[in-house]
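Structural overview
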Amino acid sequence: MAILDDHPIAIEGIKSFLKENLSYDRVLGFSLGQALTDFLKQDQIDLLLLDIALPDANGIDLCGELKKNHPELIIVGFSNHMARNSILQMLANGAAGYILKSADAEEIITCIQKVSQGSMALCGATQRIIAASPTRQLPSLTMREKQVLQLLAEGKTSAQIAEKLFLSPLTVDTYRKNLIQKFAVKIPQNC
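Reading the values: rules and limits
- Residues numbered from 1 in each chain as written.
- Predicted model: local features only at pLDDT ≥ 70, side-chain atom pairs only at ≥ 80, totals over all residues.
- Heavy atoms only, no water.
- Buried < 20%, exposed > 50% of the residue type's maximum accessible area, 1.4 Å probe, protein only.
- Helix = DSSP H or I, 4+ residues; strand = E, 2+ residues; numbered from the N terminus.
- Pairing = 2+ DSSP bridges.
- Right-handed = clockwise from strand over helix to strand, strands pointing away.
- Phe/Tyr/Trp six-rings, centres within 6.5 Å; stacked < 30°, edge-to-face > 60°.
- Core = buried A, V, L, I, M, F, W, Y, C linked by side-chain atoms within 4.5 Å.
- Contact = heavy atoms within 4.5 Å.
- Axes fitted to C-alpha atoms, helices over the stretch in contact; angles between N-to-C directions.
- Parallel < 35°, antiparallel > 145°, perpendicular 65-115°, else oblique.
- Disulfide = S-S within 2.5 Å.
- Arc of directions from axis to C-beta.

In this section: the pairing of strand β4 (residues 74-79). Most of β4 is tucked away: five of the six residues are buried. In the sheet, strand β3 (residues 47-50) pairs with β4 via four bridges, with the strands oriented parallel. The partner of leucine 48 across the bridge, within β4, is isoleucine 75. Assessed by its sense of winding, the connection that carries the chain from β3 through helix α3 (residues 59-69) to β4 is right-handed.

This is the structure we're talking about:
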C-alpha cells in the first residue's frame, strides 16, 4: 500500500494510522508523482491513496495514467478537494473510491476495506456531494444583452426596445435570439 500526498507530515500520520488499524506491513509514502511512477517501474503496490493537489502532477490525470499502465492497481482519491466535478473526474479516470481527508477514522478504514475487496467506496460526505445536483451557472451577458433582457422583463416589445436603445428592430431581434440561445430556453412561436 502507498500514499501519494503533497504534505510529508500527512503521509507519516496516514502511514502510522494504516499500519495500526489495518495491519499493513508495508505502507509507502510519496510526495511526488514522479517518485511513485519511478518506483512502479521496479516494484508494485496493491492500493494507493492519491491526493489531487501534488507539486509535480495533477492527481486526477495521474490516476488515469496509473490505471492505464497498472490496471491492477487499486486507486482511492484521498483529498480535501470537494468539487463534484473533481470527484467525478477521479472516478472516471479509474479510481475505485474517494475519501475526503475530513472523514473519521472508522469511515476511512471501512472504505479501504471495501475497495480491497473489489467494491467501490465513497465516504459519506463524498456521496452527498455526488448526489447533489450541480448548480447551473448563468450565462455571461454583454452590457447590451443585459439592457435588452431588462426591457424584455419589463414587457417591452422589440420595437419599443429598439426606440429606447437607439437600435434597429432587427438588431433587437438578434439580441433576443442570442439571449434565448444563451439561456437555452424554448419560446412559443407567437412570442
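Two aromatic rings are characterised by how far apart their centres lie and by the angle between their planes. Going through the model one piece at a time under the given rule, you end up with one aromatic pair. Note on phenylalanine 30 and phenylalanine 39: the rings are 5.5 Å apart at their centroids and 50° apart in plane angle, and the pair reads as tilted.

Leu18, Ile45, Leu48, Leu49, Leu50, Ile99 and Ile112 are the most contacted members of the largest nonpolar core, which totals 49 residues. The element that contributes the greatest number of residues to this core is helix α5 (residues 105-116), accounting for five residues. Apart from the residues lying within four places of it in its own chain, the contact partners of leucine 50 are Leu4, Gly59, Leu62, Cys63, Ile75, Val76, Gly77, Phe78 and Met90.

Next up on the list: the packing of helix α2 (residues 33-40) against α3. Relative to each other, α2 and α3 sit at 5°, their axes nearing to 12 Å. Here α3 runs roughly parallel to α2, going by the angle between their axes. In this structure, α2 uses Gly33, Leu36, Thr37 and Leu40 to contact α3, whose residues at the interface are Leu62, Glu65 and Leu66.

What follows deals with the state of the cysteines. Within the structure shown, the criterion is met by zero disulfides. Looking at the unpaired cysteine 123, the closest cysteine sulfur is the one in cysteine 111, lying at 6.0 Å. Classification of cysteine 123 as buried rests on a relative accessible area of 1%.

Time to look at helix α8 (residues 158-165). Those residues of α8 that sit buried are Ser158, Ile161, Ala162 and Leu165. Each buried residue of α8 lies within a common arc of 100° when the element is viewed along its axis, so the set occupies one face. With respect to the buried face of α8, the exposed residues turned more than 90 degrees away are Glu163 and Lys164. Elements that come into contact with the buried residues of α8 comprise α7 (143-153) and α9 (169-183).

On to unusual backbone geometry. Positive phi is not limited to glycine here, since serine 23 has a value of about 55°. The topology assignment puts serine 23 in the loop between α1 (8-22) and β2 (28-30). Look at serine 23 and you get exposed, because its relative accessible area is 61%. Although it is not a glycine, phenylalanine 166 sits at a positive phi angle of roughly 60°. For phenylalanine 166, the position within the fold is in the loop between α8 and α9.

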